[in-house]
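Now for the letters of each chain:
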Amino acid sequence: MDDDRLIEEAARLISSASQLVAFSGAGVSEESGIPTFRDPGGLWDRYDPSDIGGDVFEDAFSGSPVPDTTFRFVSEFVATFEKAGTNPGHEALGRLEEMGILRSVITQNIDNLHRQAGNSNVIEVHGNVTRMACLACGNKILLDRDEFLAAAHDLIDCLKRNDVEGLVKLASMCPCGGVCRIDVVNFGEPVQDLPKAVLEARTCDAMLILGTSGVVWPAATLPGHAKKAGARLVEINATACCFPDIIDVGITGKTGEVLPRIVELVQGMR
Ligand code: NAD
């Protein structure tokens, strides 16, 4: 089937759904300038996750200088993030929620771009880099973009000077006075909100699988939960579909190009 026919078929499937859920991965933010996990030349191609270690604040509090690799990784990550905004793929999902079609977005991304694009029910199984979690009381503080960038630059400055006192001051943002960490799931830590994500997958009647290689577990099991519960699945991936055995419609293309076309067709069908 050619791309136009597949896009039409996906639009029909979405238009007839009453409980649509999206499941997204790093590919959705690729067109925002954030490299995916496996992009050649991207962040993760040049840094070994095991060299980066765990939470940068916790590591720095130990008092020993932050390794040069961690410092370079954090600086590069912040510079990349600073340039990145929502792309037409994120915005299409925002429109689907506005139209009352999309119930939730389950994402593996930590970049906050789904929320920035207007999605309100976002389940971030790997956390959110713009959110802080208090180590004392568990309170979560979502920073707005400007607050996040200001804190990120202060962090880089403190790391450069190995200023542990400055780091403690920066991390003490909870009203309870407790010290916070960045609320992302580091390698080896359990994912966040998994029961909620599984419930979303098991109770949807259609799922959009977007820009994910489907190799990071347990997130990668979510399309299987949806399928088992009877949902119909549409996958969009720039290179090749990664869930070929369970999808109903598979489209090879960039989400920033394909999703707006689908949404336009859905609008005309309702
Ligand atoms: P991945 O890097 O393993 O796979 C990305 C997939 O997206 C690939 O299959 C690729 O073909 C596809 N892709 C690339 N560009 C695309 C585009 N424009 N449109 C559609 N598809 C595109 O990503 P993953 O499966 O999400 O797993 C990586 C892990 O790394 C995740 O757990 C995530 O937490 C983390 N991560 C997050 C970000 C982010 O927050 N933006 C970025 C990189 C990595």
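All figures in this text were calculated on a predicted structure; none of them were measured in a lab.

Here is what the cut-offs are and how they apply
Along each chain, residues carry numbers from 1 onward, in the same order as the chain's sequence is written. Only residues with pLDDT of at least 70 get local features here, since the model is predicted, and only at 80 or more are side-chain atom pairs given and counted; chain-wide, interface and lining totals rely on the full set of residues. To get the side-chain values, all heavy atoms of the structure are used, and hydrogens and water are removed first. Whether a residue is buried, partly exposed or exposed follows from its accessible area with a 1.4 Å probe, protein chains only, as a fraction of its type maximum: under 20%, in between, or over 50%, in that order. Every helix listed is a DSSP run of H or I at least four residues long, and every strand listed is a run of E at least two residues long, numbered separately from the N terminus. One bridge is not enough; two strands pair if DSSP finds at least two bridges between them. Throughout this document, a residue counts as near a molecule or strand when at least one of its heavy atoms sits within 4 Å of that molecule or strand. N or O atoms closer than or at 3.5 Å make up a polar contact, with two conditions inside protein: a donor-capable atom paired with an acceptor-capable one, and, for residues adjacent in sequence, both atoms drawn from side chains. Accessible areas in this description were obtained via Shrake-Rupley with a 1.4 Å probe; residue shielding takes into account the shown protein chains only. Polar here means any residue other than Ala, Val, Leu, Ile, Met, Phe, Trp, Tyr, Cys and Pro, which are nonpolar, and Asp, Glu, Lys and Arg, which are charged; Gly is therefore polar. Either an automatic procedure or a domain database provided the assignment from which the domain bounds are taken. Note on geometry: axes are lines fitted to C-alpha atoms, helical ones only across the stretch in contact, with angles between N-to-C directions running from 0 to 180 degrees. Roughly parallel means an angle under 35 degrees; roughly antiparallel means over 145; roughly perpendicular covers 65 to 115; every other angle is labelled oblique. Crossing handedness is read from the near helix: turned anticlockwise from the far helix by less than a right angle, it gives a left-handed crossing, and turned clockwise, a right-handed one. By the convention used here, residues are in contact when the closest approach between their heavy atoms is within 4.5 Å.

1. Digging into the pairing of strand E1 (residues 20-24)
So, step 1. The element E1 is largely enclosed, with a buried count of 5 among its 5 residues.
So, step 2. Of the pairings in the sheet, the one linking E1 to strand E2 (residues 102-107) comprises 5 bridges and is parallel in character. The residue of E2 that forms the bridge with Val 21 is Ser 104.
So, step 3. Pairing analysis gives 5 bridges linking E1 to strand E7 (residues 206-210), with the strands arranged parallel. Each bridged residue has a counterpart across the sheet, and for Ser 24 the counterpart in E7 is Leu 210.

2. Observations regarding the site of the ligand
So, step 1. In the neighbourhood of the ligand, 28 residues make up the surrounding shell, with Arg 38, Gln 108, Thr 212, Ser 213 and Asn 237 lying closest.
So, step 2. Between a nitrogen atom of the ligand and a side-chain N or O atom of Asp 111, the distance comes to 2.8 Å.
So, step 3. Gly 211 has a polar backbone atom sitting 3.2 Å from an oxygen atom of the ligand.
So, step 4. Burial of the ligand by the protein chains amounts to 90% of its free accessible area of 860 Å².
So, step 5. Classifying every residue of the shell around the ligand gives 8 nonpolar, 15 polar and 5 charged.
So, step 6. When residues of the shell around the ligand are assigned to domains, at least three map to each of domain 1 (1-34 + 86-126 + 191-270) and domain 2 (36-83 + 129-184).

3. Comments concerning the packing of helix H8 (residues 145-161) against helix H9 (residues 164-171)
Each pair of packed helices gets described by two things: the angle between the helix axes and the distance between those axes.
So, step 1. The geometry of H8 relative to H9 is characterised by a closest axis approach of 8 Å and an angle of 160° between their N-to-C directions. Considered as vectors, H8 and H9 are oriented roughly antiparallel to each other. Seen along the crossing, H8 lies across H9 with a hand that is left-handed. Residues Ala 151, Asp 154, Leu 155, Cys 158 and Leu 159 of H8 lie in contact with H9, whose contacting residues are Gly 166, Leu 167 and Leu 170.

4. Regarding the sheet that holds strand E6 (residues 180-184)
Sheet strands associate in pairs through backbone hydrogen bonding, adopting either a parallel or an antiparallel arrangement.
So, step 1. As summarised here, the arrangement of the 3 strands in space is E5-E4-E6, forming an open sheet in which the pairing is antiparallel. This sheet does not close on itself; its edge strands, each paired only once, are strand E5 (140-142) and E6. In this sheet, adjacent strand axes meet at a mean angle of 35° when their direction is disregarded.
So, step 2. With 3 bridges joining them, strand E4 (residues 127-134) and E5 adopt antiparallel strand pairing. Among the inter-strand pairings, Arg 131 is bridged to a residue of E5, identified as Leu 142.

5. Some points on unusual backbone geometry
So, step 1. Between Trp 217 and Pro 218 the backbone carries a cis peptide bond, its omega angle lying at 5°.
So, step 2. Summarising the element assignment, Pro 218 is placed in the loop between E7 and helix H11 (222-228).
So, step 3. A positive phi angle, near 70°, is found at Asn 112, a position not held by glycine.
So, step 4. Phi at Asp 193 is positive, roughly 55°, even though this residue is not glycine.
So, step 5. Along the chain, Asp 193 turns up in the loop between E6 and helix H10 (194-203).
So, step 6. Judged by its relative accessible area of 41%, Asp 193 falls in the partly exposed class.

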